[in-house]
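Each chain is listed here by its residues.
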Amino acid sequence: MKRLFLLASLIFAGQTGYSDIIETEVTLPDGLGKGVMYLNDRQKDPGPGVIVVHEWWGLDDYARNRAHMLAEAGYTAFAVDMYGTGKVASHPKDAKSFMETALSNPETMNARFQAARTLMLKQQQVEPGRLFAIGYCFGGAVVLEQARRGTDLAGVASFHGSLGTENPAKSGELKARVLVATGQADPMVPAKQVSGFVSEMTAAGADFQLLSFPEAKHGFTNPGADAAGERFEMPLAYSAHADQVSWEALIDFLEQPK
């Protein structure tokens, strides 16, 4: 596990030194937008596939790096643009606008996710029954909503994502296992929301795990969170400890037998 985290650190530092990852931009059908597929050319046998959903900033380098990390770890990953525009925000005002526009049309968002899911299921490197979805911030909420919808996925993982919903999971309808990593010092995901999520998952009979980091703020997996938090006076901060532990938990999650 420590080896994987070291690999992550090298990638974030831009020191990949690898040539076996095939990166391909993919256009989704019906004008739903684009995404980037990451394949590990060293992968011999089918294994888990992972759909990666970005933070509210859009499909930026951070989301792409996470997908690249998954490919280096031996998985097939697809970083999807859930905004469908290709735009990436550099200011919270724009990020909020992008996010609200997307959320105002949930059926288009669902169609975009389903297109990404269909694409991944066609990849010969993805083992049947082992397709996952993970998300960060906005993306964490997106993948949890897919689980609540009963989308056929092996599992979903949310990192510092909103846990509230207007459409709580119903008993017997959740097909995906659930992993959530959240920060206790994150005012965007308050304790009441966390406890409500636990109650919701328990009532629905979900197979779920919750990791809660006492000192972690919003964006704790993103090395760029400190600079953004300072620049925009927001409660954003990177936590190397929370990043490492939650990444290792994700790898364990992906490796659990179906």
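Quick note: structure is the one above.
These remarks concern the structure in this document. (Residues numbered from 1 in each chain as written. Predicted model: local features only at pLDDT ≥ 70, side-chain atom pairs only at ≥ 80, totals over all residues. Heavy atoms only, no water.)

This next bit is on the environment of phenylalanine 159. Inspection of the secondary structure assignment puts phenylalanine 159 in strand β6 (residues 155-159). Its relative accessible area of 2% is what places phenylalanine 159 among the buried residues. Taking C-alpha positions, phenylalanine 159 is 5.7 Å from glycine 140, a pair spaced 19 residues apart along the chain. Setting aside anything within four residues of it in sequence, one finds phenylalanine 159 in contact with Ile134, Gly135, Tyr136, Cys137, Ala181, Thr221, Ser246 and Leu250. (Helix = DSSP H or I, 4+ residues; strand = E, 2+ residues; numbered from the N terminus. Buried < 20%, exposed > 50% of the residue type's maximum accessible area, 1.4 Å probe, protein only. Contact = heavy atoms within 4.5 Å.)

This part covers the side chain of arginine 117. Relative to the assigned elements, arginine 117 resides in helix α4 (residues 106-121). No salt bridge is formed by the buried arginine 117, whose closest oppositely charged neighbour, aspartate 152, lies at an N-O distance of 4.0 Å. Dropping the residues within four chain positions of it, arginine 117 is found in contact with Ile51, Leu131, Thr151, Asp152 and Leu153. (Lys, Arg positive; Asp, Glu negative; His and termini not counted. Salt bridge = Lys/Arg side-chain N within 4 Å of Asp/Glu carboxyl O.)

Helix length check: helix α6 (residues 191-204), at 14 residues, gives a terminal C-alpha distance of 20 Å against a target of 20 Å (1.5 Å per residue), a fit within 8%. Taken together, the buried positions of α6 are occupied by Val194, Phe197, Glu200, Met201 and Ala204. The arc enclosing the buried residues of α6, seen along the axis, measures out at 120°, which places them on a common side. Exposed residues lying more than 90 degrees from the buried face of α6 are Ala191, Lys192, Thr202 and Ala203. In the segment just after α6, glycine 205 is the residue with positive phi, at about 70°. (Expected span 1.5 Å × (residues − 1). Arc of directions from axis to C-beta.)

Side chains on a regular strand alternate between the two faces of the sheet. Along β6, five of the five residues are buried, which leaves the element largely enclosed by surrounding structure. Every second residue of β6 is oriented toward a common face, with Gly155, Ala157 and Phe159 on one face and Val156 and Ser158 on the other, all of them buried. Assessed by its sense of winding, the connection that carries the chain from strand β5 (residues 126-136) through helix α5 (residues 138-148) to β6 is right-handed. Looking at chain direction, β6 and strand β7 (residues 177-183) are connected through five bridges and run parallel. Looking at β7, one finds that phenylalanine 159 is bridged to alanine 181. (Right-handed = clockwise from strand over helix to strand, strands pointing away. Pairing = 2+ DSSP bridges.)

This part covers the sheet that holds strand β4 (residues 76-80). Strand order in the open sheet formed by eight strands is β1-β2-β4-β3-β5-β6-β7-β8, and the pairing between neighbours is mixed. The open sheet terminates on both sides in strands that have one partner only, identified here as β1 (21-27) and β8 (208-213). If you compare each strand with its neighbour and ignore which way they point, the axes differ by 15° on average. Note: β5 against β6, five bridges, orientation parallel. Within β6, the position partnered with alanine 133 by the bridge is valine 156. Across the sheet, α5 is in contact with β3 (47-53), β5, β6 and β7; its angle to β5 comes to roughly 135°. (Axes fitted to C-alpha atoms, helices over the stretch in contact; angles between N-to-C directions.)

Inspection of the secondary structure assignment puts valine 52 in strand β3. Sequence spacing of valine 52 and arginine 64 is twelve residues, and the spatial spacing of their C-alpha atoms is 8.4 Å. Excluding its chain neighbours within four sequence positions, the residues that come into contact with valine 52 are Ala63, Ala67, Leu70, Phe78, Ala79, Val80, Ile134 and Tyr136.

With twelve residues, helix α3 (residues 92-103) ought to run about 16 Å at 1.5 Å a step, and its terminal C-alpha atoms sit 16 Å apart, in line with that. Among the residues of α3, those classed as buried are Pro92, Ala95, Met99 and Ala102. The arc that holds the buried residues of α3, viewed along the axis, is 90°, so those residues lie on one side. Away from its buried face by more than 90 degrees, α3 exposes Lys93 and Thr101. In the core, the buried residues of α3 are packed alongside α4, α5 and α7 (225-232).

Here the structure, examined in full by the defined rule, presents eight salt bridges. Close ionic contact of glutamate 25 with lysine 34 constitutes a salt bridge, the shortest N to O distance being 3.3 Å. Here the residues in one salt-bridge network are Asp20, Arg42 and Glu72, joined through shared partners.

For the structure shown, the criterion picks out nine aromatic pairs. Ring geometry for tryptophan 56 and tryptophan 57: centres 5.6 Å apart, planes at 65°, overall edge-to-face. Overall, tryptophan 57 belongs to the buried group, its relative accessible area being 12%. One aromatic cluster in this structure is built from Trp56, Trp57 and Phe232. Its guanidinium or amino end placed over the ring of phenylalanine 253, arginine 177 lies 4.5 Å from that ring's centre, counting from NZ or CZ. (Phe/Tyr/Trp six-rings, centres within 6.5 Å; stacked < 30°, edge-to-face > 60°. Lys NZ or Arg CZ within 6 Å of the ring centre and 35° of its normal.)

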